[in-house]
Amino acid sequence: MKILKTPAAMRRWSALERRKGKTIGFVPTMGCLHAGHAALLERARRENDRVVLSIFVNPLQFGPNEDFARYPRTFSADLALARKAGVDAVYHPSIEAVYPDGFQTSVEVGGLSRIHDGRFRPGHFRGVATVVLKLFQASAPDRAYFGEKDYQQLVIIRRMTRDLDLPVKIVACPTVREKDGLALSSRNVYLSAQERSAAPRLYEALRWGAAELRRPGADLGSALRGMRAAVEEIPGVTIDYISVVEPEDLKDASGLDGPKRILAAIRVGKTRLIDNVRA
Ligand code: AMP
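Caption draft 1: Representation of the overall build of the protein. Tallying secondary structure elements over the protein gives 10 helices and 9 strands in all. Taking 2.2 N^0.38 as the reference for a compact globule, 279 residues should give roughly 19 Å; the C-alpha atoms of the protein span a radius of gyration of 19 Å, in line with that estimate. Judged by the C-alpha coordinates and their principal axes, the protein covers about 55 × 40 × 40 Å. By residue count, 51% of the 279 residues in the protein fall in the buried class.

Caption draft 2: Broad picture of the nonpolar core. Val52, Val132, Phe136, Phe146, Ile157, Met160 and Ile170 are the most contacted members of the largest nonpolar core, which totals 40 residues. Going through the elements one at a time, helix 1 (7-19), strand 2 (24-29), strand 4 (89-91), helix 6 (124-139), strand 5 (143-147), helix 7 (151-163), strand 7 (237-245) and strand 8 (261-268) are the ones with two or more residues in this core. Looking at this core, the element that brings in the most residues is helix 6, giving 9 residues. Grouped together as the second largest cluster of nonpolar side chains are 27 residues, Leu202, Ala223, Ile262 and Ala279 included.

Caption draft 3: Up close: unusual backbone geometry. Positive phi, close to 45°, is recorded for Ala140, a residue that is not glycine. Structurally, the position occupied by Ala140 is in the loop between helix 6 and strand 5. For Leu250, which is not a glycine, the phi torsion comes out positive at approximately 65°. Position of Leu250 among the secondary structure elements: in the loop between strand 7 and strand 8.

Caption draft 4: Geometry of the packing of helix 1 against helix 6. Running from N to C, helix 1 and helix 6 point in directions that differ by 50°, and their axes come no closer than 7 Å. By the angle class used here, helix 1 and helix 6 are oblique. Residues Pro7, Met10, Arg11 and Ser14 of helix 1 form the contact with helix 6, whose own contacting residues are Gln137, Ala138 and Ser139.

Caption draft 5: Structural view of the sheet that holds strand 8. The 3 strands lie next to each other as 7-8-9, forming an open sheet whose pairing is antiparallel. Looking at the sheet topology across the chains shown, the edges are occupied by strand 7 and strand 9 (271-278). Averaged over neighbouring strand pairs, the angle between their axes works out to 10° when direction is ignored. Sheet topology places strand 8 next to strand 9; 8 bridges connect them, and they run antiparallel. By the bridge assignment for strand 9, Ala264 is matched with Asp275. The strands touched by helix 9 (residues 201-214) within the sheet are strand 7, strand 8 and strand 9, with strand 9 carrying the most contacts at an inclination of about 25°.

Caption draft 6: The arrangement of the pattern of salt bridges in detail. Tallied over the entire structure, the rule returns 20 salt bridges. Salt-bridge contacts for Glu108 lead to Arg126; the nearest nitrogen and oxygen are separated by 3.2 Å. Separated by 18 residues along the polypeptide, Glu108 in the loop between helix 4 (95-98) and helix 5 (117-120) and Arg126 in helix 6 bring together distant segments of the chain. When its relative accessible area of 41% is taken as the criterion, Glu108 is described as partly exposed. Taking the shortest distance from any N to any O, the salt bridge between Asp249 and Lys251 comes out at 3.7 Å. Residue Asp249 is classed as partly exposed on the basis of its relative accessible area of 34%. For Lys251, a relative accessible area of 54% corresponds to the exposed category. A cluster of three or more residues bridged by salt bridges with shared partners is formed by Asp117, Asp240, Arg267 and Arg272.

Caption draft 7: Up close: the layout of surface pockets. For the second largest pocket, the calculated volume is near 150 Å³. Considering the residues around the second largest pocket, the lining is formed by Leu112, Tyr151, Val155, Arg158, Arg159, Arg162, Pro247 and Glu248. Counted by class, the lining of the second largest pocket contains 4 nonpolar, no polar and 4 charged residues.

Caption draft 8: Inspection of the site of the ligand at higher detail. Around the ligand, 16 residues are found, and the nearest of them are Met30, Gly147, Asp150, Val176 and Leu184. Note that an oxygen atom of the ligand is positioned 2.6 Å from one of the side-chain N or O atoms of Asp150. In the model, a nitrogen atom of the ligand is placed 2.8 Å from a nitrogen or oxygen of the Val176 main chain. When the free accessible area of the ligand is taken as 480 Å², the share hidden by the protein chains comes to 93%. Elements with a contribution of two residues or more to the shell around the ligand: strand 2, helix 2 (35-47) and strand 5. Looking at which element gives the most residues to the shell around the ligand, the answer is helix 2, with 3 residues. Within the shell around the ligand, the residues separate by chemical class into 7 nonpolar, 7 polar and 2 charged.

Cut-off values and rules
Residues numbered from 1 in each chain as written. Predicted model: local features only at pLDDT ≥ 70, side-chain atom pairs only at ≥ 80, totals over all residues. Heavy atoms only, no water. Helix = DSSP H or I, 4+ residues; strand = E, 2+ residues; numbered from the N terminus. Rg over C-alpha atoms; globule rule 2.2 N^0.38 Å. Buried < 20%, exposed > 50% of the residue type's maximum accessible area, 1.4 Å probe, protein only. Core = buried A, V, L, I, M, F, W, Y, C linked by side-chain atoms within 4.5 Å. Axes fitted to C-alpha atoms, helices over the stretch in contact; angles between N-to-C directions. Parallel < 35°, antiparallel > 145°, perpendicular 65-115°, else oblique. Contact = heavy atoms within 4.5 Å. Pairing = 2+ DSSP bridges. Salt bridge = Lys/Arg side-chain N within 4 Å of Asp/Glu carboxyl O. 1 Å grid on protein atoms, 1.4 Å probe; cavity = no way out; pocket = protein on both sides within 12 Å on 5 of 7 lines; lining within 4 Å. Points joined across faces, edges and corners; volume = space filled by probe spheres on them. Nonpolar A, V, L, I, M, F, W, Y, C, P; charged D, E, K, R; others polar. Near = heavy atom within 4 Å. Polar contact = N/O pair within 3.5 Å; in protein donor to acceptor, adjacent residues only side chain to side chain. Areas by Shrake-Rupley, 256 points an atom, 1.4 Å probe, with all protein chains shown as cover.

The following block contains the structure:
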C-alpha cells in the first residue's frame, strides 16, 4: 500500500495506473476510520481496479469555534483498516501541501451550501467543496464514494460534479449504524456514557417521522412536531433543525407527494450529531 503525501505524487500515481488502463475508486475521509468508512472502501474495492483512500483533516471546513484541534486522529489504526480493506494508495497530504502560502481560491455550491447545516456552519460546505475538488484533481478517480450519513454534503458534491463537468461518478452509500441505531461517526467518541445511551433516540425519532409521513392522510406539520417532541426528551439536547426536504434539491417539502428526506442536526452536550432518513 502506497502512502502519498503531495498532490503531485498522488497525481503521478493515478496517471500511471490510468495509463495501464486501471479504473480508480476514491474514498475521501478525515480519518478516525470506522465501519462506515470501511463500507465505502469495500464498495470501491468491488467496483474498481484500484482504490485510493484520502485521510486529511481539512481545516477549511471547520468554523473558528469548532473541533479542528481536537478532531480525533488515529493514523496507524487507519492504515491497518485500509490494508484490510485492500486499499492500494493512501493520500495523506500535510495542510501546507494542500493549502500552500497564498492559497485563496474556493468553490461554493450556491444556495445548497447556505441551507440546513449551512445555516449553522457558515463556510463549512465551501471548505468541503474546495477540498473535494482538490482531492479529485489529485486522485483523478473514475468513481468517488460518499456516505448518505452526510446527506447534504452528498447532494452538494453531486451538484458540483455536474456544474463543473467533473469526469467522476459520485456513488452514494447507505449509512452504517450501531446496533442501537446511532449512525457511526468519528465524533461519537466525544459523547459521555449518558449522552451515548440517549443518542439513538435521534434515529428513533426520524424513523417514527418517516413512518408517520407514509401513513394515509399523513400531515407534515404534525409529523415534524412529533419528531421535535421526541428529540426534546434527550437530556441536554439543543435542536439545530429537523426538516422534511425534497431529496434532490433539499428544498423544504411543501406537500407529501413523492419521496422525501428527513434531515436533522442536534447538539447533545458539546457534541453535534447529524442524521437523516428516507421518507
Ligand atoms: P468523515 O471522514 O467522517 O468526514 O467521512 C468520510 C466519508 O465517510 C463521507 O462520505 C461520509 O459521509 C462517510 N461516512 C461517515 N460516517 C458514515 C456512516 N456511518 N455510514 C456511511 N458513511 C459514512
